[in-house]
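Geometric and topological summary
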Amino acid sequence: MSYMKKLFGILFVAGLITGSAVADDAEVSARIAAVGSTCMQGDDCAAAPAPAAAAGPKSGKDVYTGFCTTCHSAGLMGAPKLGTAADWAPRASKGVDTLYTHAIAGFNAMPPKGMCAACSDDEIKAAVDYMLDGSK
Ligand code: HEC
C-alpha cells in the first residue's frame, strides 16, 4: 500500500515538473514569436518585398499587372487589348491626353482609374503609356 502511495507521489511530482516545463516552453516561444514578429527598419525582414507598401510611385507595368490586366489582356467588355495595335491605333488617334483623361475619369465601361483608387494620376498615365508602348 505504501509502495503504491509512493509511486503515485512520484508520478504526481513528475507530472508537475513536466507540466510546468511545458508551460515554460510555451511561454518562452510566445515571447520569442512576439520579438520575431517585430520588424524594425533596417532589419533584413524590413527589406523583404512588400509590393503593397512599396515606396515611391508604381511603374506603368506594375499598375497594369495589378489592375488593368483584368480587362485589358483579354479584351473584356471591348477593352482595347495590350499588344493589339489594331485595338489601340484608333484610341491613340484621339491623342494621348484624351486617353489619360479617360483612364483617370473613366470612359463608358472603363472604370475610373481602372479601379485602382490608390493610384495617383501619374501612375495611371504611366500605365496608359505602358499599354500604348506595348501595342504598337
Ligand atoms: C473593369 C475592366 C477594366 C479595367 C480594370 C481597366 N479598363 Fe481600361 N477600358 C475598359 C473598357 C471596357 C474600355 C473601352 C471603353 C470604350 O471604348 O467604351 C477601356 C478603355 C481604356 C482606354 C481607352 C480610352 C479611350 O478613350 O479610348 C484606356 C487608355 C484605358 N482603358 C486605360 C486603362 C488603365 C490604365 C487601366 C488600369 C489602371 C484600365 N484601363 C483598367 C475596361 C477596363
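Every value quoted in this text rests on a predicted model; they were computed, and no experiment measured them. Every chain begins its residue count from 1, and numbering advances along the sequence as written. pLDDT decides what is reported in this predicted model: residues at 70 or higher carry local features, side-chain atom pairs at 80 or more are listed and counted, and totals for whole chains, interfaces and linings draw on all residues regardless. The basis for the side-chain values is all heavy atoms of the structure; hydrogens and waters are excluded.

To continue, consider the coordination of the iron atom of the ligand. At 2.0 Å from the iron atom of the ligand lie its protein donor atoms, namely H72 (NE2) and M110 (SD). Here the term donor refers to an N, O or S atom within 2.8 Å of the metal (or 3.2 Å for Na, K and Ca), and because water is left out of the atoms, sites may appear incomplete. Between 85 and 135 degrees for all angles marks four donors as tetrahedral; over 155 degrees for opposite donors together with 65 to 115 for all other angles marks four donors as square planar and six as octahedral; every other arrangement is irregular. Around the iron atom of the ligand, the six donor atoms sit at angles spanning 87 to 180 degrees, and that spread fits a shape best called octahedral. Separated by 38 residues along the polypeptide, H72 in helix α3 (residues 60–72) and M110 in the loop between α5 (96–105) and α6 (121–133) bring together distant segments of the chain. Each helix is a run of DSSP H or I of at least 4 residues and each strand a run of E of at least 2, with the numbering of both proceeding from the N terminus.

As a further point, take the site of the ligand. Surveying the vicinity of the ligand reveals 28 residues, the closest of which are C68, C71, H72, H102 and M110. One of the side-chain nitrogen or oxygen atoms of H72 is found 2.8 Å away from a nitrogen atom of the ligand. Pairs of N or O atoms are called polar contacts if they sit within 3.5 Å, as long as, within protein, a hydrogen donor faces a hydrogen acceptor (for residues adjacent in sequence, only side-chain-to-side-chain pairs). At 2.8 Å from an oxygen atom of the ligand is found a side-chain nitrogen or oxygen belonging to N108. Going through the elements one at a time, α3, α4 (85–92), α5 and α6 are the ones with two or more residues in the shell around the ligand. It is α3 that provides the largest number of residues to the shell around the ligand, a total of five residues. The nearness test applies per residue and asks whether one of its heavy atoms lies within 4 Å of the molecule or strand.

On to unusual backbone geometry. Its identity as a non-glycine residue notwithstanding, M77 has a phi of 55 degrees, on the positive side. Structurally, M77 can be placed in the loop between α3 and α4. Not every positive phi belongs to a glycine, and N108 is a case in point at roughly 50 degrees. Checked against the element boundaries, N108 lands in the loop between α5 and α6.

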